[in-house]
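# Coordinate inspection notes
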Amino acid sequence: MSVRPMRTLAALATATATAGACLMAVPNTATAAPTTAPSATGKKPLSVVHVPGDKAKAGSTDSAAASSCPIKVHGYAGKRVCGFDYFYYDWGGGNHEYFVVGTNYSVFHAWRGSGGWKPLGGKARKTAPNGAYATSPTGVATIGTDNRCWWRPRGNGSWPGSWRRC
């Protein structure tokens, strides 16, 4: 597997604060690129796959960035913000946990057996580039309305606690 140039989520934000160690590098590619992160169980690394946003322009607030795009995973239909990146964790055995920014600019996730898209809360900024980014240690991050990186960690098989600055 070849390694392509990477950018951090912090580089996407216009804030001067650093993102810190909570963020995994975000692939700057035009196609999905698998990376690895430590698993929550400490066993083998899990795969993290980046799905680039649509063709909305960076910094855009036009209808291309603000429009909704359908997404269907594990049979669960939902809508996400077009132009925003999204990721999924591959937990093995065909179980993928997807993370997207919904049309209300909150972060949602779905996995096999979830019964549908579940809210993780938060409030993402409304301009691209942005998205729902898988992180290391295991969690999800986005750029908030204050243009700073916000992160929510995954606990022992659940999402306890709340969003915190990276």
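Provided above is the structure to which this section pertains.
Predicted model, so just to flag it, every value in this text is computed and none were measured. (Residues numbered from 1 in each chain as written. Predicted model: local features only at pLDDT ≥ 70, side-chain atom pairs only at ≥ 80, totals over all residues. Heavy atoms only, no water.)

### Digging into the environment of Ala128
- Checked against the element boundaries, Ala128 lands in the loop between β10 (118-121) and β11 (131-135).
- For Ala128, a relative accessible area of 2% translates into the label buried.
- Along the backbone, Ala128 and Ile143 are 15 residues apart, and their C-alpha atoms lie at a distance of 9.8 Å. (Helix = DSSP H or I, 4+ residues; strand = E, 2+ residues; numbered from the N terminus. Buried < 20%, exposed > 50% of the residue type's maximum accessible area, 1.4 Å probe, protein only.)

### Quick notes on the packing of aromatic side chains
- Considering all chains together, one arrives at six aromatic pairs under this definition.
- Summarising the aromatic geometry, the rings of Phe99 and Trp159 are spaced 5.5 Å apart at their centres and angled 70° between planes, so their arrangement reads as edge-to-face. With a gap of 60 residues between them, Phe99 in strand β8 (residues 96-101) and Trp159 in the loop between β13 (149-153) and β14 (164-165) connect regions that are remote in the sequence. Summarising the burial analysis for this pair, Phe99 and Trp159 share the class buried.
- Taken together through their ring pairs, the aromatic side chains of Tyr89, Trp91, Phe99 and Trp159 make up a single cluster. (Phe/Tyr/Trp six-rings, centres within 6.5 Å; stacked < 30°, edge-to-face > 60°.)

Taken by themselves, the reported measurements are silent on function.
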